[in-house]
Amino acid sequence: MISVLRRELLAFFTSAAGYVLMAVFPVAMGLLALFVFPAVLERGASWFHTKELTMRSFFLAFPWVAAAVMPAIAMRSWAEEYRGNTFQLLLTLPAPSWRLVAGKYLASVAVLCLMLLTTGVFPVMIAANGGWEGGPIFGGYLGCLLLGSGYLAIGMFASSLTSNQLGAYMAALLACGTLTALGSFAGLAGSSGALSSMVRFMAAGDHFNLLAAGYLKLETVTFFISMAAFFLMLTALGVEGRRYR
Amino acid sequence: MLNVEAISRSYGRFLALNGLSFSIGKGAILGFVGPNGAGKTTAMSIITGLLAADSGAVHLGDDEVHATPSLVKSRIGFLPETPPLYTAMEVSEYLRFCGEARGMDRQQLGERLENVLANTGLSARRNMPISTLSRGYRQRAGLAQALLHDPDLLVLDEPTSGLDPAQILDMHELLRGLAAQGKIVIFSTHILSEVEAIASHILIINHGRCLAFGERSALLGADGKERGLTDLFISLVKKRNP
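About the thresholds
- Just so you know, the residues in each chain are numbered from 1, in the order the chain's sequence is written.
- As a convention, the first chain written is A and the first ligand written is 1, with the rest following in written order.
- Where totals are concerned, whole chains, interfaces and linings use all residues; where local detail is concerned, this predicted model gives features only for residues with pLDDT of at least 70, and gives and counts side-chain atom pairs only at 80 or more.
- Side-chain numbers here rest on the full set of heavy atoms in the structure, without hydrogens or water.
- For helices the rule is a DSSP run of H or I covering at least 4 residues; for strands it is a run of E covering at least 2, with both sets numbered from the N terminus onward.
- Computation of the radius of gyration draws on C-alpha atoms, with the globule rule given as 2.2 Å multiplied by the number of residues to the power 0.38.
- Relative accessibility under 20% of the residue-type maximum defines a buried residue, over 50% an exposed one, and the middle range a partly exposed one, all with a 1.4 Å probe and only protein chains included.
- By definition in these notes, contact holds between two residues if any of their heavy atoms fall within 4.5 Å.
- Shrake-Rupley sampling with a 1.4 Å probe provides the accessible areas, and residues are treated as covered by the protein chains on show and by no other component.
- Buried residues of nine kinds, namely Ala, Val, Leu, Ile, Met, Phe, Trp, Tyr and Cys, make up a nonpolar core once their side-chain atoms join them within 4.5 Å.
- Residue ranges labeled as domains rest on an automatic or database domain assignment.
- The term buried area means the drop in 1.4 Å probe accessible area that two parts suffer when joined, counted for both and summed.
- Salt bridge, as used here: a side-chain nitrogen of Lys or Arg that lies within 4 Å of a carboxyl oxygen of Asp or Glu.
- Each polar contact in these results corresponds to two N or O atoms within 3.5 Å; when the atoms are within protein, one needs to be able to donate a hydrogen and the other to accept it, and residues that are neighboring in sequence are counted only if both atoms are side-chain atoms.
- Only Asp, Glu, Lys and Arg are considered charged, only Ala, Val, Leu, Ile, Met, Phe, Trp, Tyr, Cys and Pro nonpolar, and every remaining residue, Gly among them, polar.

### Some remarks on the overall build of chain B
Consideration 1: When helices and strands are tallied, chain B shows nine helices and ten strands.
Consideration 2: Relative to a compact globule of 242 residues, whose C-alpha radius of gyration would be 18 Å, chain B shows 18 Å and is just as compact.
Consideration 3: If one aligns the C-alpha atoms of chain B with their principal axes, the spans along those axes are about 50 × 40 × 35 Å.
Consideration 4: Every one of the 242 residues in chain B was classed for burial, and the buried ones make up 53%.
Consideration 5: Looking at chain B alone, contacts between residues at least 24 apart form 65% of all its contacts between residues at least 6 apart.
Consideration 6: If you sum the accessible surface of chain B, you get close to 10,100 Å²; carbon and sulfur atoms cover 49% of it.

This is the structure:
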């Protein structure tokens, strides 16, 4: 598992795409948090005009960015192995499929952690200006890690289904985008009943917003961990199932 | 001892392998021949645990390949038709990954790495990215990963494909040397003279069925006079496929 994790990290950081992603991510998050999301929320104002020393707009932007970026990190995980014939090498290793899946997944979570670290300048800036709020910032970053990890698991599952990286990306983008947006459309499912409860339960963006507001609830943490575990299990089954195709 | 017992495998309605059985012991080199689509690659994939059989069993010693996959896979080396290479890696880096993923410790890996690099003629290219290697050297890198963990059973799908004549002779020497160490070697090829040159046993299959299996000397002299493998192959394949 460790060797697979190391190889995945090596593959990520020996490609230009890895460095581009690392450089673009904090810039894109900064632009979205400083200009785009405050403008949407405050009708045209930038973060500088809101006179709010918080990371609220950063954490509002994150689920949407994660829905687009996490599938991009995960899309090559299995699709590339299928296309490059190296999947045969993995299947002849004396290791069960779940360990291979775990190795690849932990590598992608490590990349997510590094990406989040690159945004560390934002809370530092806020703290330097006297706006430090520990609860929402810690909760928000925990939410970023949990939501990102869940979306990575979805991306990895999509990648395990096909040798086409673009196809895997589009499928995962659709799934993650839907989970992010679900909360916004919960009203359409009515205010009560099984469908409404289901939609609200599945709304990953809403679970994330609770954490970003500083509410650390077991239910929310369990939701993201269960989501990741569920899709990783499907991935392991899908990888193992290839021996029977 | 490798025992393949009535393995069958279908892809949808296509029956790729139909009750294939054979047994070979330590030190044997089995030449696996058959027309395109005969079921060679499917059989090799099942023997290595890469693919599940619909029915039948494969035993390496006392262990069944699909019942105890991790145990048996650590004793099998496999070179597929297209070598499974991470082309962005350097040769030694790739082999280190393969060894670590197979659970080899640092000292054992260091020793085996030097050994296989020397045996496959890759020592001078150990620090080259695989993407810059010629087809022949890529084939050697693929073979090196199959040999790295010192397996009891080596399964090679067209191992001399892409090699020049001198490299083919080197490969033959290498396979003979491995068999002399008591390893079981199975290789598939379309070059029948290659089988005649190095195989101790021959298996001919077509349409997933075994047409002939036995020691080379017994098979090629079976009708009372010496005959070539090409004649035997053509006669068997045409008889079943007029």
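Okay, back to it.
### Quick word on the nonpolar core
Consideration 1: Core analysis: the largest hydrophobic core is formed by 147 residues, its most contacted members being F62 and Y151 of chain A together with L2, F22, I186 and I204 of chain B.
Consideration 2: Formed jointly, this core draws a minimum of three residues from each of two domains, domain 1 (1–75 + 153–167 + 182–242) and domain 2 (87–150) of chain B.
Consideration 3: In contact with L2 of chain B, other than residues within four places in its own chain, are F22, S23, I24, I47, V58, H59, L60, L153, I184 and I186 of chain B.

### Regarding the interface of chain B and chain A
Consideration 1: Each partner contributes to the interface: chain B provides 26 residues, whereas chain A provides 21 residues.
Consideration 2: For the chain B and chain A pair, buried surface summed over both sides reaches about 2,200 Å², with 60% attributable to carbon and sulfur atoms.
Consideration 3: If you sort the residues of chain B by the area they bury against chain A, L50, Y86 and F97 of chain B come out on top, with a joint share of 28%.
Consideration 4: Across the chain B-chain A interface, the total number found is one salt bridge.
Consideration 5: Across the pair E100 of chain B and R6 of chain A runs a salt bridge, and its minimum N-O distance is 2.5 Å.
Consideration 6: Linking chain B with chain A are six residue pairs in polar contact (both at pLDDT 80 or more).
Consideration 7: Contributing elements (two or more residues each) for the side of chain B that touches chain A: β1 (2–11), α2 (69–73) and α3 (91–101) of chain B.
Consideration 8: A per-element tally of the side of chain B that touches chain A places α3 of chain B first, with six residues.
Consideration 9: Considered class by class, the residues forming the side of chain B that touches chain A number 15 nonpolar, six polar and five charged.

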